[in-house]
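Listed here are the chains, written in short residue letters.
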Amino acid sequence: MTTTQTMTSKKRSPLLQMIPVMLCFFAMGFVDLVGTATNFVKNDLNLSVSEASIFPSLVFFWFLIFSVPTGILMNKIGRKNTVLVSLLITAVSLVIPIFGDSYAIMLISFSLLGIGNAVMQTSLNPLVTNLITGDKLASALTFGQFVKAIASFLAPIIATWGATTLAPTFGLSWRILFLIYTVVSVIAIAALGATPIEEERPDKASGIKECVKLLGKPFILLCFIGIMCHVGIDVGTNTYAPMIIMERLGFSLEDAAFATSLYFIFRTLGAFSGTFILRAVRAKIFFAISVIMMLAAMVILFCAHTQIAIYIGIALIGYGNSNVFSIIFSQALLSSPNEKNEVSGLMIMGLFGGTVFPLCMGYAADAAGQLGAVAVMTAGVIYLLCYTIKIKKEA
């Protein structure tokens, strides 16, 4: 970074610097369109549940491959430049489905979307630490999750609008979603590229071996598994909530798609309120309340056969799961303050849970209906309940 950039960064208000960063969080939410897109592609191509589950699983598979190398890349080119690379990959992934929705095209698009999001989530969260530090970090990351959730809950609304509207959508139908989010990605690239952000230099160069060795720290390992469970529940609800409603109430896909929107509406409300709650309430207490809400939701989804009851269960998962990531992530960063890039890579690698859970849920649903899918999510909730007692009081 040049002297001029450093002086400009110091003069510029942190609030103004956070605006393009938050636009990047919005772009981060594009990955959650995978649940909506999966249901539409499943319907278009007449796929089975297990066949369709390959799409969300493929997206999150790349977190296993690219997260730790991204942590190393950040040490070489910086966090901001790494975020810009991720936005470019994301934009390319969104352009591809504009030309069709064949099985091969969607596999390529979702793969690139997963790669771009893995790089983005690994680099964007620690980039925030250059602007926000200390006990306000969890709150700032939660606000980022709130902005991300806005993009997430808009996805099914835009897709459904595109599939049902008489307005011109360039012949794309529900795929108009990809065109709109492509435009936003380009805006995010321009905004962040024009914003100078001063970054601290890493103390040492790290390799993959040094990063993975951090899993030898018991608390880091617990956080890693916690992130896996969080994203598994998130992607699972995102994808399977409409299927639960279709199975039990006989709704069409277009009518059942509101379940995904409902989930993201409450996840958005949870992230927004969590921004303020975490400033007044200890993270451990708020985390415990959030997990108990999800456990209650699982009980409801096991038993419910009415629309209102199912919606209540989905809403509870949305609100309860909204702050889990930011609390676990901030706990991990604060536990190893001298290895933020490496820890970030490991935590984002935990998003690989978005591959494991949908696959397990898909086979469980084929074998036992949607009750099987709910059972898989319940296992993740139980782990998070056990993780609660390990949360550090000072964070």
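Above: the structure in question.
So, here's what we can say about the structure.

1. Observations concerning the overall build of the chain
Here comes step 1: Each helix and strand counted, the chain has 19 helices and zero strands in total.
Here comes step 2: Here the C-alpha atoms of the chain give a radius of gyration of 20 Å, agreeing with the 21 Å that 2.2 N^0.38 yields for 395 residues.
Here comes step 3: In terms of overall dimensions, the chain has C-alpha extents of about 60 × 50 × 35 Å along its principal axes.
Here comes step 4: Counting across all 395 residues of the chain, residues that qualify as buried make up 59%.
Here comes step 5: Within the chain, contacts between residues at least 6 apart in sequence are counted, and of these 83% link residues at least 24 apart.
Here comes step 6: Carbon and sulfur atoms make up 70% of the accessible area of the chain, which amounts to about 14900 Å² in all.
Here comes step 7: Here the chain contributes 24 positive and 18 negative side-chain charges, whose respective centroids are spaced 12 Å apart.

2. A closer look at the pattern of salt bridges
Opposite charge on two side chains lets them pair, provided their charged atoms get close.
Here comes step 1: This structure, assessed with the given rule, holds four salt bridges.
Here comes step 2: Glu 339 is the salt-bridge partner of Lys 217, the closest N and O atoms lying 3.3 Å from each other. Of the two residues, Lys 217 is situated in the loop between α10 (208–213) and α11 (218–249) and Glu 339 in the loop between α16 (324–335) and α17 (340–349); the sequence distance between them amounts to 122 residues.
Here comes step 3: Three or more residues are tied together by salt bridges with common partners; here these are Asp 32, Lys 148, Asp 234 and Arg 267.

3. Focus: α11
Here comes step 1: Between its first and last C-alpha atoms α11 spans 44 Å; for 32 residues at 1.5 Å apiece the expected length is 46 Å, and the two agree.
Here comes step 2: Tyr 240 marks where α11 bends most, by close to 40°; the proline Pro 242 follows one to four residues later.
Here comes step 3: Burial within α11 is extensive, with 25 of its 32 residues counted as buried.

4. Details of unusual backbone geometry
Here comes step 1: Backbone geometry places Asn 46, a non-glycine residue, at a positive phi of 55°.
Here comes step 2: If you trace the backbone, Asn 46 turns up in the loop between α3 (33–45) and α4 (49–52).
Here comes step 3: Exposure remark for Asn 46: the relative accessible area of 70% places this residue in the exposed category.
Here comes step 4: Despite not being glycine, Ser 173 shows a phi value in the positive range, around 55°.

5. Points about the nonpolar core
Here comes step 1: Ranked by internal contacts, the top residues of the largest apolar core, which has 122 residues, are Leu 33, Phe 110, Tyr 181 and Met 347.
Here comes step 2: Among the elements that make up this core, the one with the highest residue count is α11 (15 residues).
Here comes step 3: In this structure, Tyr 181 is in contact with Phe 26, Phe 30, Leu 33, Leu 94, Ala 151, Leu 154, Ala 155 and Ile 158, ignoring residues within four places of it in sequence.

6. Side note on the environment of Leu 33
Here comes step 1: Within the secondary structure, Leu 33 is located in helix α3.
Here comes step 2: On the basis of relative accessibility, which here comes to 0%, the residue Leu 33 falls in the buried class.
Here comes step 3: As a C-alpha pair, Leu 33 and Gly 354 span 321 residues in sequence and 13 Å in three-dimensional space.
Here comes step 4: Apart from residues lying up to four places away in sequence, Leu 33 is in contact with Leu 94, Phe 110, Leu 113, Ala 155, Leu 177, Phe 178 and Tyr 181.

7. Notes on the packing of aromatic side chains
Here comes step 1: Inspection of every chain in the model, using the stated rule, returns 17 aromatic pairs.
Here comes step 2: Taking 4.9 Å as the distance between ring centres and 50° as the angle between the ring planes, the aromatic pair formed by Phe 146 and Phe 272 counts as tilted. You can see Phe 146 sitting in helix α8 (residues 137–164) and its partner Phe 272 sitting in helix α13 (residues 258–280), a full 126 residues away along the chain.
Here comes step 3: On the basis of relative accessible area, Phe 146 is assigned to the buried category, the value being 15%.
Here comes step 4: An aromatic cluster of at least three residues, connected via ring pairs, comprises Phe 143, Phe 146, Phe 272 and Phe 276.

8. Quick notes on a nonpolar patch on the surface
Here comes step 1: A surface patch of nonpolar side chains, about 220 Å² in accessible area, is lined by Phe 61, Leu 64 and Ile 65.
Here comes step 2: Checked against the element boundaries, Ile 65 lands in helix α5 (residues 54–77).

9. Describing the packing of α11 against α17
Here comes step 1: For the pair α11 and α17, interaxial distance at closest approach is 7 Å and the crossing angle is 40°. Put simply, α11 runs oblique to α17. Taken together, the residues of α17 that come into contact with α11 (itself represented by Ile 220, Cys 223, Phe 224 and Ile 227) are Val 343, Leu 346, Met 347 and Met 349.
Here comes step 2: A per-class count over the contact of α11 with α17 returns eight nonpolar, no polar and no charged.

Each value, and the rule that gives it
- Residues numbered from 1 in each chain as written.
- Predicted model: local features only at pLDDT ≥ 70, side-chain atom pairs only at ≥ 80, totals over all residues.
- Heavy atoms only, no water.
- Helix = DSSP H or I, 4+ residues; strand = E, 2+ residues; numbered from the N terminus.
- Rg over C-alpha atoms; globule rule 2.2 N^0.38 Å.
- Buried < 20%, exposed > 50% of the residue type's maximum accessible area, 1.4 Å probe, protein only.
- Contact = heavy atoms within 4.5 Å.
- Areas by Shrake-Rupley, 256 points an atom, 1.4 Å probe, with all protein chains shown as cover.
- Lys, Arg positive; Asp, Glu negative; His and termini not counted.
- Charge placed at Lys NZ, Arg CZ, Asp CG, Glu CD.
- Salt bridge = Lys/Arg side-chain N within 4 Å of Asp/Glu carboxyl O.
- Expected span 1.5 Å × (residues − 1).
- Bend = angle between axes of the 7 residues up to and from the residue.
- Core = buried A, V, L, I, M, F, W, Y, C linked by side-chain atoms within 4.5 Å.
- Phe/Tyr/Trp six-rings, centres within 6.5 Å; stacked < 30°, edge-to-face > 60°.
- Patch = residues over 30% accessible without salt bridge, like charges linked within 9 Å, V, L, I, M, F, W, Y side chains within 5 Å.
- Axes fitted to C-alpha atoms, helices over the stretch in contact; angles between N-to-C directions.
- Parallel < 35°, antiparallel > 145°, perpendicular 65-115°, else oblique.
- Nonpolar A, V, L, I, M, F, W, Y, C, P; charged D, E, K, R; others polar.

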